[in-house]
Amino acid sequence: MTLQAQATEDRLEAWEPVIGLEIHLQLATKTKMFCRCRLEFGAAPNTHVCPVCLAHPGVLPVPNRRAVDYAIMIGLALNCEIAERTTFSRKNYFYADSPKAYQISQYEDPICGPGYLDVPDGEGGSFRVGITRAHMEEDAAKLVHAGSSGRIADSSHSFVDFNRVGTPLVEVVTDPDIRTPEQAKRFLTLLKNTIETIAVSDCNMEEGSLRCDANISIRPRGATELGTKTELKNMNSFRFIERGIHAELARQVDLVERGQEVEQETLHYDPTTGAIRSLRSKELAHDYRYFPEPDLVPIEVTPEHIERVRADMAELPLARMARFEEAYGLSTYDAEVLNLSSDTADFYETTVALTTDADHKLVANWTMGELLALQKEGVVVTPEALAGVVDLVATKKISGAVGKEVLGRVAREGGDPAEIVEREGLAQVSDEGALRSVIEGLLDANPKQVEQYKGGKESLVGFFVGGVMKAMQGKADPGAAKALIVELLEAR
Ligand SMILES: [Zn+2]
């Protein structure tokens, strides 16, 4: 826990945080929500536009069938009720990023009604976060502020890129069920993994395809009424969201403990300075004057339609976690870590299928340890390489230490693990004669440690095992070495 987190934790003994999240997901459709313009991140500005998304007079929107299917899929993945009849509404506002001066959204009959997600708490249990609703809408254009640091405040002029306008979005709104910044991060991690698994959004936070706002309030512990909430806007990584919520909770506790009140306002968290800044207060809050979109008919969703969408869905992370425990005999913890991303879960299953000697737990340990460590360094590991190495370790042909080295080499330089071991004489030595002479030499060279061991300090066995591994460049079988060390120590 960071110092900041600990400080907040201490002050929150008397105050209960109440947190709800709003997540905007850009759908990974080929075309926009209401026209046939192609979606492409990073394209030259204003090259993917047409009369519909530029809101020329007389044009009519046509809903993207795939986007509707994706919205239903998100609803199913979040255990939501899917509406039989869903309608669009106009959300009116006047700003340069909206050529129509309104956004087509959903207000009264969202496509996905109440649902929930059960989120692993990291300690073998879980907590439930209710989903209030998930609805379809279209994204705004992108504003680029020039002649400044990129912020509007000190810019001389702004550009508008209409490529993004009309991108299909699903907004997921949670109930205020989240109680700690850490829970917020855990929920978002599972949500992202779930959405990536069903492949309806690439969830790339840097490119803005997953954006998150947090509604935050505090109340005295034991109280049931909600306090005044603030909205923390547009944080672009889960780490910043967690930190931003910490900072806002600390600010609110500070206010109320000084006898002041929390004002309802929209805030921005600056991750570089840790400061919270007000974007707009309630007095300036928009009245969006929602009304039914007259250019779009309601969409009827039949049970057959829902089943057709469901049939296309990949296995969800929570179901996969349960299957990992069941099918591979893994602990809840291991199943959870392997399922933090679907890529890691896929990698694990492919590796398991490729191994011949290693058991599932050993493959899990190597996947969670070495694979993730190498990936963190940017090294690409294949399931074939990991399976080859783990099999060699399982059959005791090489030690774990040598296995790590071989895996790193295969990943960086290519080649076959068994061949490298053979060619470079890395095979493990469990030959007793060779081990015995190394150990005898080691005991002779360290009479003080031998004496301490005899005096009852049994933990020194580890010291000798380390010495043997070092002397034999990691090629000793640690199990055999340990047994022999104890035997020879006892004999002295
Ligand atoms: Zn268009």
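Residues numbered from 1 in each chain as written. Predicted model: local features only at pLDDT ≥ 70, side-chain atom pairs only at ≥ 80, totals over all residues. Heavy atoms only, no water.

A. Representation of the pattern of salt bridges within the structure. What the rule picks out here adds up to 31 salt bridges. Note that Asp295 and Arg90 form a salt bridge whose closest N and O atoms lie 3.3 Å from each other. Pair noted here: Asp295 is in the loop between strand E14 (291–292) and strand E15 (299–300) and Arg90 is in strand E3 (residues 89–92), with a separation of 205 residues, a long-range link. Using a relative accessible area of 32% as the deciding quantity, one classes Asp295 as partly exposed. The partner of Glu424 in a salt bridge is Arg409, and the shortest N-O contact between them spans 2.7 Å. (Salt bridge = Lys/Arg side-chain N within 4 Å of Asp/Glu carboxyl O. Helix = DSSP H or I, 4+ residues; strand = E, 2+ residues; numbered from the N terminus. Buried < 20%, exposed > 50% of the residue type's maximum accessible area, 1.4 Å probe, protein only.)

B. Geometry of the side chain of His24. Tracing the sequence through the fold places His24 in strand E1 (residues 15–26). Here the side chain of His24 touches Glu137 through a polar contact of 3.1 Å, side chain to side chain. Setting aside its immediate chain neighbours within four residues, His24 contacts Glu137, Leu169, Val170, Glu171, Ser209, Leu210 and Arg211. (Polar contact = N/O pair within 3.5 Å; in protein donor to acceptor, adjacent residues only side chain to side chain. Contact = heavy atoms within 4.5 Å.)

C. Quick look at the packing of helix H3 (residues 181–197) against helix H4 (residues 238–257). The geometry of H3 relative to H4 is characterised by a closest axis approach of 9 Å and an angle of 155° between their N-to-C directions. Judged by the angle between their axes, H3 and H4 are roughly antiparallel. For the pair H3 and H4, the sense of crossing is right-handed. Of the residues in H4, those in contact with Pro181, Glu182, Ala184, Lys185, Leu188, Thr189 and Lys192 of H3 are Phe238, Ile241, Glu242, Ile245, His246 and Leu249. Of the residues contributing to the contact of H3 with H4, the split by class is 7 nonpolar, 2 polar and 4 charged. (Axes fitted to C-alpha atoms, helices over the stretch in contact; angles between N-to-C directions. Parallel < 35°, antiparallel > 145°, perpendicular 65-115°, else oblique. Left-handed = near helix turned anticlockwise from the far one by under 90°. Nonpolar A, V, L, I, M, F, W, Y, C, P; charged D, E, K, R; others polar.)

D. Representation of the coordination of the zinc ion. The zinc ion binds to the protein through Cys35 (SG), Cys37 (SG), Cys50 (SG) and Cys53 (SG), with metal-donor distances spanning 2.3 to 2.4 Å. Angles of 100 to 114° at the metal separate the 4 donor atoms of the zinc ion, which places the site in the tetrahedral class. Summarised as a motif, the one-chain spacing of the donors to the zinc ion is C-x1-C-x12-C-x2-C. On the criterion of sequence distance, the pair formed by Cys37 in the loop between E1 and helix H2 (65–77) and Cys53 in the loop between E1 and H2 is long-range, its members being 16 residues apart. (Donors = N, O, S within 2.8 Å, 3.2 Å for Na, K, Ca; no water. Tetrahedral: all angles 85-135°; square planar, octahedral: opposite > 155°, others 65-115°.)

E. The arrangement of the environment of Arg310 in detail. Of note, Arg310 is situated in helix H5 (residues 303–311). Each C-alpha atom, one on Arg310 and one on Met73, is 6.7 Å from the other, the two residues being 237 residues apart in sequence. Among the polar contacts listed, one links the side chain of Arg310 to the side chain of Glu307, at a separation of 3.1 Å.

F. Examining the domain arrangement of the protein chain more closely. The domain boundaries assigned to the protein chain delineate domain 1 (3–309), domain 2 (317–423) and domain 3 (432–491). A separation of 30 Å is found between the C-alpha centroids of domain 2 and domain 3. (Domains from an automatic or database assignment.)

G. Region of interest: the nonpolar core. Judged by nonpolar contacts, the single largest core of 101 residues is most densely connected at Leu21, Ile23, Ile74, Val172, Phe187 and Tyr348. Broken down by element, this core gets its largest block of residues, 9 residues, from H2. When residues no more than four places from it in sequence are discounted, the contact partners of Val172 are Leu21, Glu22, Ile23, Leu25, Ile74, Leu78, Ile131, Arg133 and Ala134. Residues Leu442, Leu443, Val450 and Phe464 belong to the second largest nonpolar core, which totals 18 residues. (Core = buried A, V, L, I, M, F, W, Y, C linked by side-chain atoms within 4.5 Å.)

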